[in-house]
Amino acid sequence: MTTLLLILSVLTSFLTNLENKTLQSDFTITVNEEVNAPMNYPGTLTMRGSQFRLAMFNVDAAYDGKTLYMYSPETDELTLSNPTQEELTATNPFLYAKALVNVCNITERAAADGKQTIITLTPKDQSLGINRFVLRVQTDNLMPLQIDIKEGKKATTLKMKNPKFVATQPEYKITPDKSTYINDMRI
């Protein structure tokens, strides 16, 4: 029982940090499938709770808690939508981790260096589509360092580069220029 309380306290503390502090980091996502060479995608992320700003794939995205903003500089188009919870969890792996807590078995172990904690979420029902979700955090300050998601033959790794909690509270929306085409899909 003590181990379970420790696991839940580390995971709960980590998720509470994401709710109450603004996380800022560069990152690289690596997608590896058995038949293809790994693909790497760099980006930047700022988030607090469910709100975020993200730049990746030559697209800027932001979510302010209600509206999802997707801006493509190539086409100078801004798409506005009201995403479902499923769409948000597919977009943000930290929100995905939070959604998995109630449907997974959770284990925790210290990394070999003793400075990191590895939290593994394994779905109780394998029909969820993933085999496991592994979160690596720095033990002393619960800073997220890496996420590994295994889905069948596909493995996705998100590595944070110089993550930090910042005092500033950015605006989680994208304001277009007057010439930007706005595709408003909100209901």
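Here goes a summary of the coordinates provided. (Residues numbered from 1 in each chain as written. Predicted model: local features only at pLDDT ≥ 70, side-chain atom pairs only at ≥ 80, totals over all residues. Heavy atoms only, no water.)

Some words on the packing of aromatic side chains
Definition in use: For Phe, Tyr and Trp, where Trp contributes only its six-membered ring, two rings pair if their centres lie within 6.5 Å, and the inter-plane angle classes them as stacked under 30 degrees, edge-to-face over 60, or tilted in between. Helix and strand assignments follow DSSP, with helices taken as H or I runs no shorter than four residues and strands as E runs no shorter than two, numbered in order from the N terminus. Geometrically, a lysine NZ or arginine CZ counts as sitting over a ring once it is within 6 Å of the ring centre and also within 35 degrees of the ring normal.
Evaluated as defined, the whole model comprises 4 aromatic pairs. Relative to F94, the ring of F14 has its centre 6.2 Å away and its plane inclined at 50°; by these criteria the two rings are tilted. With F14 in helix 1 (residues 2-20) and F94 in helix 3 (residues 93-100), the pair connects residues that are 80 residues apart, well separated along the chain. Geometrically, the ring pair formed by Y96 and F133 is edge-to-face, given 5.8 Å between the ring centres and 70° between the ring planes. Taken as a pair, Y96 in helix 3 and F133 in strand 9 (residues 132-138) lie far apart in primary sequence, 37 residues in all. Residue placement shows K21 over the ring face of F165; its charged tip is 5.2 Å from the ring centre.

So, the sheet that holds strand 1 (residues 22-33)
The condition is simple: A strand pair is defined by DSSP finding two or more bridges across the two strands. Axes here refer to lines fitted to C-alpha atoms; in helices the fit is confined to the stretch in contact. Angles between the N-to-C directions go from 0 to 180 degrees. We call two residues in contact when some of their heavy atoms are within 4.5 Å.
Reading across the sheet, the 12 strands line up as 7-8-9-10-11-1-2-3-4-5-6-12 and stay open at both edges, with mixed pairing between neighbours. Among the strands making up the open sheet, the edge pair consists of strand 7 (104-110) and strand 12 (181-184). Averaged over all pairs of adjacent strands, the angle between their axes in this sheet comes to 15°, without regard to strand direction. Where strand 1 and strand 11 (residues 154-166) come together, 11 bridges link them in antiparallel fashion. Within strand 11, the residue paired with F27 across the bridge is M160. Packed on one face of the sheet, helix 3 meets strand 1, strand 2 (39-48), strand 7, strand 8 (116-123), strand 9, strand 10 (144-151) and strand 11 and runs near 115° to strand 9.

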